[in-house]
Amino acid sequence: MTRRIIFYAYLVCLMLPLYWLINLSFKGNIEISTTMTLWPSEPTLRNYAIIFTSPEWFDGFRFSLTYVALNTVISISVALPAAYAFSRYSFLGDKHLFFWLLTNRMAPAAVFALPYFNLYSSIGLFDSVWAVALAHCIFNVPLAVWILEGFISGVPREIDETARIDGYSFPRFFVKIFMPLIANGIGVAAFFCFMFSWVELLLARTLTNSKAISSIMTRSVSASGIDWGLLAAAGVLTLIPGALVIWFVRNHIAKGFALGRV
Amino acid sequence: MTKSVDNRAWFLVLPVFALVAFNAILPLMTVVNYSFQDSFGNNQFFWNGIGWYQELLDPSSELGGRFFDALGRSAAFSLGILAIEVPLGILVALCMPREGTQLAIGLVIMALPLLVPWNVVGMIWLLYTRSDIGLFGWLINAVGIDFNATRSAAQAWLVLVAMDVWHWTSLVALLCFAGLKSIPDAYYQAARIDGASRLAIFRYIELPKLGRVLMIGVLLRFMDSFMIYTEPFVVTGGGPGNSTTVLSIDLVKIALGQFDLGKAAAMSIVYTLIVLTVCWVFYTVLVTRDGPTQDSPEARS
């Protein structure tokens, strides 16, 4: 009984700040700044209306979702063969390479902000979705390799050998037989790539002229006379992609944590 | 599982290697290059040798004093949140229902903070804890405490720590939950037959089994909290004064605010080395603990 109470108390504590965000997003600025109400006394959709009618906000969302999707696709497609190699073969320098990959997950983004700015400007990618998608690979690719390697090691080698005897070529075996076997792992790895790219701000802000949705919001924070209601509404909208992703992988979350390495 | 030796496997790793090398090696070389030079704008650079490093590691100089202060704040933050999040995460994991709808709903709610963009996390807590518009700040004020995180350093810290605990405890809890689920039922049955107390079950069955996931949890939480930038930037901007200026914030201030490239680069190198050293120690402990039965590439050889 006590266990249930602790668990639900924890969930309530998690929800309270989110509730407050949603609450503020339906309030007008006068109500926000003058009275303290636990729910909107005069609910208004004004904040959402502003966001949905302004091309700037809309483009921000599209821009962010594009680089997150690109990053997830790139990360998973290069990480899959690498994770297979790390799991099945030993080769020259494999351990060093694996650790070196992991160190990139551990390097502080603040260290890379300035050199990335120079690097991506010099190759003409500055201010494009590709710059952010590629930059985020530095922490997502090692993570994806790590997770997928865990899942692949759980698949018996005999399956590889049987497929080879049956005359499957390696690419065909990989796509037709192997990938469905580790679909859970791919899902979990994609979840984490999505998550870390979606939530990152520093690199996204440094590599673009405030096109990412997170930078647009930061700009409204620093502007004089903050529009709290608008900010809250934008915050609510940025929760939606994450909430959708969680809903789709909800049955795999626990499994993913157990099998993968994260 | 034995692995066959095949150097052609390099071809499978090549794309990852190329991609990460492009992102890691060139920029890192730039940083190293900058750290030995002084710039006067207009892209004019002068050789400065190890001057920046000497200044950085000398606590009595201006840069060194700033660096050690920020380092101390970062370390305090990381240790503080670890001391709260790990025990709390274990507790929550122990209290989670094992299956059913309640678990599904609980999992979704718990995973939600993990997927909130970091600056939105900062924003949510800004809205939640401000004394004029926030529920939390308003409640504390109503109790009679003068709460204003923009004026008091202690209260700014309270907000930062509370925010991080809100944001990341679920990660530790989910890891532990996964670890707990992997314990076979037979262990619990044996314990019940022996009449073991709840505490004994936790101490002798659950905690040892959680060792590995806990190490991973601590490693991840240490790494990310030591590198934290966005959330304090949004909530406090490093203030009031410099009281919440952690390493990342100070670094970005020097690099992109003042364009002191040499200082920032030297600081970056020392900062990265600290993170890498601590993580390397963790990682080595993790791998040796596991022994050769675990299937990580390092342990397997």
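What you see is a predicted model; the values in this text were computed from it and never measured.

Rules and cut-offs
- Residues numbered from 1 in each chain as written.
- Chains lettered and ligands numbered in written order.
- Predicted model: local features only at pLDDT ≥ 70, side-chain atom pairs only at ≥ 80, totals over all residues.
- Heavy atoms only, no water.
- Helix = DSSP H or I, 4+ residues; strand = E, 2+ residues; numbered from the N terminus.
- Contact = heavy atoms within 4.5 Å.
- Areas by Shrake-Rupley, 256 points an atom, 1.4 Å probe, with all protein chains shown as cover.
- Lys, Arg positive; Asp, Glu negative; His and termini not counted.
- Charge placed at Lys NZ, Arg CZ, Asp CG, Glu CD.
- Axes fitted to C-alpha atoms, helices over the stretch in contact; angles between N-to-C directions.
- Parallel < 35°, antiparallel > 145°, perpendicular 65-115°, else oblique.
- Nonpolar A, V, L, I, M, F, W, Y, C, P; charged D, E, K, R; others polar.
- Salt bridge = Lys/Arg side-chain N within 4 Å of Asp/Glu carboxyl O.
- Polar contact = N/O pair within 3.5 Å; in protein donor to acceptor, adjacent residues only side chain to side chain.
- Phe/Tyr/Trp six-rings, centres within 6.5 Å; stacked < 30°, edge-to-face > 60°.
- Lys NZ or Arg CZ within 6 Å of the ring centre and 35° of its normal.
- Core = buried A, V, L, I, M, F, W, Y, C linked by side-chain atoms within 4.5 Å.
- Buried < 20%, exposed > 50% of the residue type's maximum accessible area, 1.4 Å probe, protein only.
- Disulfide = S-S within 2.5 Å.
- pLDDT = per-residue confidence, 0-100.
- Expected span 1.5 Å × (residues − 1).

Moving on, we get to the overall build of chain B. A tally of regular secondary structure across chain B gives 13 helices and 3 strands. For the C-alpha atoms alone, the extent of chain B along its principal axes is close to 75 × 70 × 35 Å. Within chain B, contacts between residues at least 6 apart in sequence are counted, and of these 62% link residues at least 24 apart. A total accessible area of about 13000 Å² is found for chain B, and carbon and sulfur atoms account for 66% of it. Where the 18 positive side-chain charges of chain B centre and where its 21 negative ones centre are 7 Å apart.

What follows is about the overall build of chain A. Along the backbone of chain A there are 13 helices and 1 strand. Moving toward the C terminus, one meets the helices and strands of chain A in the order α-α-α-α-β-α-α-α-α-α-α-α-α-α. Long-range pairs, those at least 24 residues apart, make up 75% of the contacts in chain A between residues at least 6 apart in sequence. If the 18 positive side-chain charges of chain A are averaged to one point and the 13 negative ones to another, these points end up 5 Å apart.

Once that is clear, we can look at the packing of helix α1 (residues 2-25) of chain A against helix α5 (residues 118-129) of chain B. Where α1(A) contacts α5(B), the axes come no closer than 9 Å and their chain directions differ by 80 degrees. Classified by the angle between their axes, α1(A) and α5(B) sit roughly perpendicular to one another. Contact with α1(A), carried on its side by Leu16(A), Pro17(A), Leu18(A), Trp20(A), Leu21(A) and Leu24(A), involves Met123(B), Ile124(B), Trp125(B), Leu127(B) and Tyr128(B) of α5(B) and no other residues of that element. Counted by class, the contact of α1(A) with α5(B) contains 11 nonpolar, no polar and no charged residues.

Attention now moves to the interface of chain A and chain B. At the junction of the two partners, chain A supplies 101 residues and chain B supplies 101 residues. Summed over the shared surface of chain A and chain B, the number is 1 salt bridge. With a shortest N-O distance of 3.5 Å, Asp224(B) and Arg105(A) are connected by a salt bridge. For the pair chain A and chain B, the number of links is 18 residue pairs in polar contact (both at pLDDT 80 or more). Ranked by the residues each element gives to the side of chain A that touches chain B, the list is headed by α1(A), at 16 residues.

Attention now moves to the pattern of salt bridges. A side chain with one charge may pair with a side chain of the opposite charge, provided their charged atoms come close. Residues and elements named next belong to chain B. For the structure on display, the rule yields 9 salt bridges over all chains. Between glutamate 206 and arginine 198 there is a salt bridge; the shortest N-O distance is 3.5 Å. Through salt bridges with shared partners, a single ionic network connects Glu85, Asp164 and Arg221.

Here we come to the packing of aromatic side chains. On inspection of all chains with the given rule, the structure shows 35 aromatic pairs over all chains. Aromatic rings pair up to connect Tyr84(A), Tyr89(A), Phe170(A), Phe173(A), Phe174(A) and Phe178(A) into one cluster. If you follow Arg105(A) out to its NZ or CZ, it ends over the ring of Phe196(A), 4.8 Å from the centre. One Lys or Arg, Arg203(B), reaches over the ring of Tyr204(B) and ends 5.0 Å from the middle of that ring.

This part takes up the nonpolar core. Across soluble globular proteins, nonpolar side chains show a tendency to be buried alongside one another. By size, the foremost hydrophobic cluster in this structure holds 202 residues, and its most contacted members are Tyr67(A), Val145(A) and Met110(B). If one sorts the elements of this core by residue count, helix α7 (residues 129-153) of chain A sits on top with 18 residues. Beyond its immediate sequence surroundings of up to four residues, Tyr67(A) is in contact with Val129(A), Val132(A), Ala133(A), His136(A), Ser197(A), Glu200(A), Ala204(A) and Ala212(A).

With respect to the element layout, Lys263(B) can be found in helix α12 (residues 261-290). Discounting residues that sit within four places of it in the chain, Lys263(B) has contacts with Trp52(B), Glu55(B), Leu63(B) and Ile254(B).

Angle between the axes and distance between the axes are the two parameters that describe a pair of packed helices. Residue and element names in this part refer to chain B. At a minimum axis distance of 8 Å, the contact between helix α3 (residues 62-95) and helix α11 (residues 247-257) shows a crossing angle of 145 degrees. In this structure, α3 contributes Leu63, Arg66, Phe67, Ala70, Leu71 and Ser74 to the contact, and α11 contributes Leu247, Asp250, Lys253 and Ile254. Classifying every residue of the contact of α3 with α11 by side-chain character gives 6 nonpolar, 1 polar and 3 charged.

In this section: helix α6 (residues 135-143) of chain B. When we look at burial in α6(B), the residues that qualify are Leu135(B), Gly137(B) and Ile140(B). Along its buried surface, α6(B) packs onto α1 of chain A together with α5 of chain B. Gly144(B), located one to two residues past α6(B), shows a positive phi value of around 115 degrees.

As a further point, take the state of the cysteines. Simply put, the disulfide is a covalent bond whose two ends are the sulfur atoms of two cysteines. Residue and element names in this part refer to chain B. Enumeration according to the criterion identifies 0 disulfides over all chains in this entry. Of all cysteine sulfurs, the one in cysteine 95 lies closest to cysteine 176, which takes part in no disulfide; the gap is 12 Å. Free of any disulfide, cysteine 279 has its nearest cysteine sulfur in cysteine 176, 19 Å distant. The exposure class assigned to cysteine 279 is buried, which follows from its relative accessible area of 0%.

Turning next to the environment of Gln155(B). Residue and element names in this part refer to chain B. For glutamine 155, the location among the structural elements is in helix α7 (residues 153-181). Note on glutamine 155: relative accessible area 15%, which makes it buried. The residues touching glutamine 155, leaving out its near neighbours within four places in the chain, are Ile145, Asp146, Phe147, Asn148 and Ala149.

Residues and elements named next belong to chain B. With 92% of its residues at a pLDDT of 70 or more, chain B shows a mean pLDDT of 82. Least confident of the elements in chain B is helix α13 (residues 297-300), whose mean pLDDT is 41; most confident is α3, at 91. Contacts for the low-pLDDT stretch residues 292-301, under 50 throughout, to residues beyond four places or in other chains number 27 contacts. The ipTM value of the predicted complex is 0.82, and its pTM value is 0.82.

Glancing now at the environment of Leu247(B). Residues and elements named next belong to chain B. You can see leucine 247 is positioned in helix α11. For leucine 247, a relative accessible area of 0% puts it in the buried group. Distance from leucine 247 to glycine 106, taken between C-alpha atoms, is 35 Å for residues 141 residues apart in sequence.

What follows covers helix α5 (residues 94-106) of chain A. The terminal C-alpha atoms of α5(A) lie 19 Å apart, and with 13 residues this matches the ideal 18 Å at 1.5 Å per residue to within 8%. Of all the residues in α5(A), the buried ones are Asp94(A), Leu97(A), Phe98(A), Leu101(A), Leu102(A), Thr103(A), Asn104(A), Arg105(A) and Met106(A).

Moving on, we get to unusual backbone geometry. Only a minority of non-glycine residues have a phi that is not negative, and only a minority of peptide bonds are not trans. Residues and elements named next belong to chain A. Even without glycine at this site, aspartate 127 takes up a positive phi of about 70 degrees. Here aspartate 127 shows up in the loop between α6 (109-122) and α7. Look at aspartate 127 and you get buried, because its relative accessible area is 18%.

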